[in-house]
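Spelled out, the chains give:
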Amino acid sequence: MTAALEADGLGLRYGRSWALADCTLEIPAGRVVGLVGANGAGKTTLLSLASGQLTPSAGSISVLGGRPGSGRVQLAKVGFVAQGTPTYAGLSVRDHLRLGAKLNPAWDDALAQARIRRLGLDPRRRARQLSGGQRAQLALTLGLAKRPELLLLDEPVAALDPVARREFFGSLMEAMAENDLTVMLSSHLVADLERLCDYLVVLAESRVVLAGSVDELLATHHRLTGARREGSRIPRSHKVICASHTERHSTLIVRAREPLLDPTWTVSRLTLEDLVIAYMVAAPPDRTLLGVAQ
Amino acid sequence: MLEFYLEPASGLPPYLQLVRQVRQALQLGVLRKGDQLPTVKEVVAGLAINPNTVQKAYRELEHQDLVAARPGVGTFVTRSLGSTSLAAHSALRSELHDWLARSRQAGLDDESIEALFVAAVRAQARGDVA
């Protein structure tokens, strides 16, 4: 099976600073990929490179076996819902669909019309008269009706209330259940990602610091708590991602290849949010022990 | 029809939460042989979760011989779990009562008892997986 996205040493430079550096990834098709990281970590850059809106300064990227942005066939395979789910304020819902039909060779008008009906959107309404949630749903409809194999969404729900967010993701997942689709979305809302994603990419300071299948990541990362001790007492099969110490107590987030047999540690499960935060605060690697209290 | 929910604090992976909810519904007789489970599409639209999660849960239930998928129709319950386990309930409950009484005699309060119980369940679950 072709990977949905393969990047090798991928980088993008603006002047002297790298918006994304040394990014090597292989994302399988059919997944929902969560892209997490602080603002400016490189999420939008990665999505823009995948959609072909930016051209790499270093390395290579291949999306569904082709070079992003190279010709009509490639463009038709990739849908992109940009940050803030933009729509044309002065155009009606119907106009948006007409525009979508004109611009996309594989446009599925039946799908678009059915979605608009199900959402209860009045085709004559202009985008500016819609609620934030409805505008986001309209942008999603445009993205889905072009029948992409890969749908990229940049912070699609940042401006939505919890109900609109749930409805947005509900209809995105419904579309995924109906079609062979790979979804890649960036969000700060890790609690949402926990329900949605089966693949996670964490970016920090323009680099990929963690990537992998969520099940595997959660199975191999643990929180160890116990009496205070130094990092050197941790077996080599365990990589310390981040550590914090109080006078008597140590808490470590570790990546383990084998079960930890030392009974003096209490081992507990991590949530996806714990995992993301551990890697975000731990980056870059040479600051691993920054969390040490005085 | 069964309506699923997710409990973020449960510590269980979402697919296992769905499996457990079906098993519990079978044990309580809420679901019976021949009943249809919600379609993958219905579950993901309602809960906003990954369809792969629901598919994984349904595959696991098939593997446990509790449900069967009829292509193009849906997933149906093939056997119940109720009667046998319900019968075992009362005996287990009385053993648990005795155990609780002993724990209190030993000076444990409710919180410690609960912590001990949860720890034992988790430890055994981990042991079963390994």
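Coordinates for the structure precede this section.
Residues numbered from 1 in each chain as written. Chains lettered and ligands numbered in written order. Predicted model: local features only at pLDDT ≥ 70, side-chain atom pairs only at ≥ 80, totals over all residues. Heavy atoms only, no water.

## Thoughts on the overall build of chain B
Across its full length, chain B holds five helices and two strands. In sequence order, chain B lays out its α and β elements as α-α-α-β-β-α-α. Compactness check: chain B gives a C-alpha radius of gyration of 18 Å against a globular reference of 14 Å for 130 residues, more than 25% above the reference. Considered along the principal axes of its C-alpha atoms, chain B spans approximately 60 × 30 × 30 Å. With 130 residues in all, chain B has 29% of them scored as buried. The contacts in chain B between residues at least 6 apart in sequence include a share of 49% that link residues at least 24 apart. Carbon together with sulfur atoms contributes 55% to the accessible area of chain B, which is approximately 8300 Å² in total. Distance between charge centroids for chain B: 6 Å, based on 14 positive and 14 negative side chains. (Helix = DSSP H or I, 4+ residues; strand = E, 2+ residues; numbered from the N terminus. Rg over C-alpha atoms; globule rule 2.2 N^0.38 Å. Buried < 20%, exposed > 50% of the residue type's maximum accessible area, 1.4 Å probe, protein only. Contact = heavy atoms within 4.5 Å. Areas by Shrake-Rupley, 256 points an atom, 1.4 Å probe, with all protein chains shown as cover. Lys, Arg positive; Asp, Glu negative; His and termini not counted. Charge placed at Lys NZ, Arg CZ, Asp CG, Glu CD.)

## Concerning the sheet that holds strand β2 (residues 17-27) of chain A
All names here are of chain A. The three strands lie next to each other as β2-β1-β4, forming an open sheet whose pairing is antiparallel. The sheet is open, and its two borders are formed by β2 and β4 (58-63), each paired with just one other strand. Recorded for the sheet is a direction-independent mean angle of 25° between the axes of neighbouring strands. The pairing of strand β1 (residues 5-14) with β2 spans seven bridges and is classified as antiparallel. In the sheet register, Arg-13 faces β2, and the bridge partner there is Trp-18. (Pairing = 2+ DSSP bridges. Axes fitted to C-alpha atoms, helices over the stretch in contact; angles between N-to-C directions.)

## A look at the environment of B:Ala119
By the secondary structure assignment, B:Ala119 is in helix α5 (residues 110-129). For the pair formed by B:Ala119 and B:Ala106, sequence separation is 13 residues and the distance between their alpha carbons is 18 Å.

## A closer look at the sheet that holds strand β11 (residues 238-245) of chain A
Residues and elements named next belong to chain A. As summarised here, the arrangement of the four strands in space is β11-β12-β10-β13, forming an open sheet in which the pairing is antiparallel. Each having just a single partner strand, β11 and β13 (266-268) make up the two edges of the open sheet. Pairs of neighbouring strands in the sheet enclose a mean axial angle of 25°, with direction left out of account. Here helix α9 (residues 272-282) sits on the sheet and contacts β10 (221-227), β11 and β12 (249-256); the angle it forms with β11, its principal contact strand, is near 80°.

## Digging into unusual backbone geometry
All names here are of chain A. With a phi close to 50°, Leu-64 is a non-glycine residue in the positive phi region. Structurally, Leu-64 is set in the loop between β4 and α2 (71-77). With a relative accessible area of 12%, Leu-64 lands in the buried category. Look at Thr-85: it is not a glycine, yet its phi comes out positive at around 35°. Inspection of the secondary structure assignment puts Thr-85 in the loop between β5 (78-81) and α3 (93-103). Here Thr-85 falls in the buried class, since its relative accessible area comes to 7%.

## As for the layout of surface pockets
Residues and elements named next belong to chain A. Here the second largest pocket defines a volume of roughly 740 Å³. In terms of lining, the second largest pocket is formed by 27 residues, of which the most central are Phe-80, Leu-103, Asn-104, Leu-142 and Lys-146. When residues of the lining of the second largest pocket are traced back to their parent elements, those giving at least two are α1 (43-51), α2, β5, α3 and α5 (132-145). Looking at the lining of the second largest pocket residue by residue, the class counts come to 16 nonpolar, nine polar and two charged. (1 Å grid on protein atoms, 1.4 Å probe; cavity = no way out; pocket = protein on both sides within 12 Å on 5 of 7 lines; lining within 4 Å. Points joined across faces, edges and corners; volume = space filled by probe spheres on them. Nonpolar A, V, L, I, M, F, W, Y, C, P; charged D, E, K, R; others polar.)

## Re the packing of aromatic side chains
All names here are of chain B. All chains considered together, the criterion is met by one aromatic pair over all chains. Here Lys-56 stacks its cationic end above the ring of Tyr-15, 4.2 Å away from the centre of that ring. Between the NZ or CZ atom of Arg-70 and the centre of the ring of Phe-76, over which it lies, the distance is 3.9 Å. (Phe/Tyr/Trp six-rings, centres within 6.5 Å; stacked < 30°, edge-to-face > 60°. Lys NZ or Arg CZ within 6 Å of the ring centre and 35° of its normal.)

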